[in-house]
2 protein chains.
Amino acid sequence: MNKLMTLTATILFASSGIASADPLPSWNDTSARDRIIVFVDSVTDPKSEDYVTPSDRIAVFDNDGTLWSEQPVYFQLIYAVDEVKEMAQKDPSILTSDALKAAAAGDYATLAEGGEKAILEVLNATHSGLSVEDYQSSVADWLSTAKHPTTGLGYDQMTYQPMVELLSYLRDEDFKTYIVSGGGIHFMRVFAERAYGIPTEQVIGSYTVTSYKTVDGQPTITKEPGIGFVDDKEGKPINIDRVIGKRPLIAGGNSDGDYPMIEWTTAGEGPRLGLIVHHTDGEREVAYDCDSHIGRLCDGLENGPDMGWLIVDMANDWSVVYTGAR
Amino acid sequence: MNKLMTLTATILFASSGIASADPLPSWNDTSARDRIIVFVDSVTDPKSEDYVTPSDRIAVFDNDGTLWSEQPVYFQLIYAVDEVKEMAQKDPSILTSDALKAAAAGDYATLAEGGEKAILEVLNATHSGLSVEDYQSSVADWLSTAKHPTTGLGYDQMTYQPMVELLSYLRDEDFKTYIVSGGGIHFMRVFAERAYGIPTEQVIGSYTVTSYKTVDGQPTITKEPGIGFVDDKEGKPINIDRVIGKRPLIAGGNSDGDYPMIEWTTAGEGPRLGLIVHHTDGEREVAYDCDSHIGRLCDGLENGPDMGWLIVDMANDWSVVYTGAR
C-alpha cells in the first residue's frame, strides 16, 4: 500500500467510525432508544417520505426535571435562598418579612406554605435591582461552589447524561435545539452553553421585568421587581411562537406544565415526536409523578401514550442518570 | 502542465475569485463602504486584536426604513387598511367606528388624526380573531398582488438592495443576522426569509397578544386584540436581551426609535459598529429626517457621529436603492 492509499483508507475508516458510533451510549437498548433513532432517521433521510428540511428541524426541551434534576426544589430557588442567606449575613436588616426570614433560615417548608407571594418576595430580593451582567456573575459564582444537599454534586453536574447525548445527537443531525423552560432565561444562560451546548439565543424561559436606562454612565439592562412572563403551561407554545415562529418537530418535558407545548408540537402535520421523562428511579434519583408538588405529572401520563408520546422510564431506559456521576 | 496541476490551478483561481468578489456591489466606493469592510475584517481576522469568535458575531437591524421603505406610511398599516377595505366590501356593517370608516376609504389623513387609538382599532380589526397561520396566509396573498402607490413595485421589491447585500456579506462572515423592528413578528416572518435570508427565529419585533387554545379540535395559537409588546425605543435593547441574550456587535437603524438599540450596542466593550441609514435621496426614494412623522431622525443625526456611528447617506453611498429596481 502506498502512502496515498494508506491515507485514503485512514480517512474512510475514520468516517465510517464516526457514522457507526452509538449516538446515545447512556440509553439502554430499549424501545425508547429505538423510537428516538427511528424518528430521527425518518425525518433526516433525504429518501424518506417523512424527510424534513434542516431549517424546520426544531427541537424544544423543558429544563427542570427534563434536562437536569429539580428535587427537592427547583435549583433556581436554592440559588435565591442561598443568596438571601449571604445577604442577611452582611446586613440582617434586609429580613423584613416572614418569607425572607424563612429563606435566610433555609426553611423551605415555611416558604412553600407562603405560596406564590412568598416565593415572589424571595425572587424580588435576589433577582432584581442589579444589571443582567451582575446577576449572571452572582449565579456563576454560586454554581462554582454550591453543592446539592443529597447528592453532594455541583448543580450543573446534575444534568441528565442521556439527555445531553440526545441534544448532541439532534444537533449532529442538523436540528436546532432549544430550552423552553419555566426557569429564568438569565439564570439558565449562565450554564446552558457549557452544560448542554445550547447558546443563549436558544434559551427560552420565564423572565423578570427588565429596564433599559443609564446606570453610572453606562447604558444598562437592569432586572427589576416583578415577573415579565411565566413560561409554563400555555405560556410555552405562546413563547415558542413568539421567539421561534415555527412549530417544533420534537418537544420533550417531564411535567404537566409541558403538556400544552408537547400537545401543540405533536398536533402538527407530518411526523412529530413528543417525549416525557418519567421519574421512575427512586434509587438513582427521585421517583415522583402525579402526587408531587414539584414537576407534577398526571395528564401527560394519562393521555400521552394515546397521543403517541414516548414516555421515557428513567429506571429502565437510562444506564446513567447524572452527567457528574459518570 | 499535467492534469493535477491544471486542477490545482483551477481550484486556486476559483478560490481567489470568490475571495476577491465585491461583497457590496450596490455600495458606491465611499468611506461608508470602506468603514463597513474595515470593521468586518477587524472582527473576523483571527490575527486581528479585535477578533471576535463567530458565536458572538450578532448583527441586528431595524426593518421599516432600514431594510425596506416606510413611506408614505408603514407597509403593515397599508396591509391593514387594504384588509379593512376588503372586509367592508363583503360586510359593510363591520365599519362601526370613524377609524374603520376612514380605513375603508383609504383616508390615511383622518386615521393619523385619530392617533394611536384609531390605529389600534384598525390593527385589532385586521390582526386579531384568527390563527397565526390564517393571518400569515392573508399577508402572503396581499404581498403577492398589492402594489406601492408611487413606485408601482410590489412591497417586497422595495427592500434596499445595498442592505440585502450587507446582510448576506455579514452571514458569509459568520455573523448571525437579526431583524429587530417595531413591525409585527407575524407580518415580517412572511417575507423575511425570502427577502433577506433571515429565518423566522431571527425576526424580533412587536406582537399582538396571543392565546393557546383548541379551535375546531386543533390546538391553535390565535392572535387576540391588544398589543403584547411594542418593540421600539427602549423596547429594542430589552427585547434583544430577552431573545438573544447577547449584546450585538453591529446595530443598524434609521430613526430615533433605533437610538437605544444602537446606543446599547456601541457602548459594549471592544469593537462595535452603529449604523444609521439617512434618507437623503428625494429623487430615488424620499428625503426625510428630523421633521418627518414616519421614521423621525433627530437625536441620531445630532449625537451619532460623536459616538462614532456611521451615518449612511443614501443618495451618495448607494448606487441602487430598491431590490426590485435593479
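Look up a bit, the structure's there.
Residues numbered from 1 in each chain as written. Chains lettered and ligands numbered in written order. Predicted model: local features only at pLDDT ≥ 70, side-chain atom pairs only at ≥ 80, totals over all residues. Heavy atoms only, no water.

### Points about the state of the cysteines
Residues and elements named next belong to chain A. Applicable threshold: Cysteine sulfur atoms are paired as a disulfide whenever they come within 2.5 Å of each other. Burial classes: relative accessible area under 20% of the type maximum marks a residue as buried, over 50% as exposed, and values in between as partly exposed (1.4 Å probe, protein chains only).
The full count for this structure, using the stated rule, is two disulfides over all chains. Two residues, Cys290 and Cys298, share a disulfide whose sulfurs are 1.8 Å apart. Given an S-S torsion of about 100 degrees, the disulfide between Cys290 and Cys298 has right-handed geometry. Accessibility expressed as a relative area gives 31% for Cys290, which makes it partly exposed. Its relative accessible area of 10% is what places Cys298 among the buried residues.

### A word on the relation of the copies chain B and chain A
Selection rule: The superposition of copies rests on a least-squares fit of C-alpha positions from residues with pLDDT of 70 or more in both. The criterion used for residue contact is that any of the two residues' heavy atoms lie within 4.5 Å.
The operation relating chain B to chain A is a screw motion whose rotation component is 180 degrees, with 0.0 Å of axial translation and a residual RMSD of 0.0 Å. The superposition of one copy onto the other is thereby described by a two-fold rotation axis. No C-alpha of chain B lies nearer the rotation axis than that of Val243(B), which sits 3.4 Å from it. Interface overlap between copies is the fraction of interface residues in one copy that are interface residues in the other; for chain B against chain A it reaches 100%, indicating a shared surface.

### Considerations on the sheet that holds strand β7 (residues 273-278) of chain B
Residues and elements named next belong to chain B. We apply this condition: Note: two strands are recorded as paired if DSSP finds a minimum of 2 bridges between them. Secondary structure elements are taken from DSSP: a helix is a run of H or I of four residues or more, a strand is a run of E of two residues or more, and numbering for both begins at the N terminus. Between the N-to-C directions of two axes lies an angle of 0 to 180 degrees, each axis being a line fitted to C-alpha atoms and, for a helix, fitted only over the stretch in contact.
Taken together, the eight strands give an open sheet; going across it, the order is β2-β5-β4-β3-β1-β6-β7-β8, and neighbouring strands pair in mixed fashion. The open sheet terminates on both sides in strands that have one partner only, identified here as β2 (130-131) and β8 (310-313). Taken strand by strand, helix α12 (residues 259-266) contacts β1 (58-61), β3 (176-184), β6 (250-253) and β7, and its axis lies near 160 degrees from that of β6.

### Description of unusual backbone geometry
For residues other than glycine, phi is negative in most cases, and the peptide bonds are mostly trans. A cis amide bond links Gln71(A) with the next residue in sequence, Pro72(A), at an omega value of 0 degrees. Positionally, Pro72(A) belongs in the loop between β1 (58-61) and α3 (75-90).

### Section: the nonpolar core
Residue and element names in this part refer to chain A. Let me state the cut-off plainly: We define a nonpolar core as any set of buried Ala, Val, Leu, Ile, Met, Phe, Trp, Tyr and Cys residues linked to one another through side-chain atoms lying within 4.5 Å.
Among the nonpolar cores identified, the biggest contains 66 residues, and Ile36, Met163, Leu166 and Tyr196 are the most heavily contacted of them. Element by element, the count of residues in this core is highest for α3, at seven residues. Excluding residues that lie within four positions of it along the chain, Leu166 makes contacts with Leu24, Trp27, Ile36, Phe61 and Leu275.

### Examining the side chain of Thr222(B)
Residues and elements named next belong to chain B. For Thr222, the location among the structural elements is in strand β5 (residues 218-229). Judged by relative accessible area, which is 7%, Thr222 ranks as buried. The residues touching Thr222, leaving out its near neighbours within four places in the chain, are Gly129, Leu130, Ser131, Val209, Thr210, Ser211, Lys213 and Val215.

### Quick look at the pattern of salt bridges
The criterion, for reference: Throughout this description, the term salt bridge denotes a Lys or Arg side-chain nitrogen within 4 Å of a carboxyl oxygen of Asp or Glu.
Tallied over the full model, the rule gives 27 salt bridges over all chains. The residue Glu86(B) makes a salt bridge to Lys90(B) at a minimum N-O spacing of 3.8 Å. Placement of the pair is Glu86(B) and Lys90(B) together in helix α3 (residues 75-90), with a separation of four residues, close to one helical turn. By relative accessible area, Lys90(B) is classed as exposed at 68%. Of the charged contacts in the structure, one is a salt bridge between Glu121(B) and Lys117(B), with a shortest N-O distance of 3.5 Å. Of this pair, Glu121(B) and Lys117(B) both sit in helix α6 (residues 115-127), separated by four residues, roughly a single helical turn. The class of Lys117(B) is exposed, set by a relative accessible area of 62%. Several salt bridges share partner residues, and in doing so they unite Asp62(A), Lys236(A) and Asp258(A) into one network.

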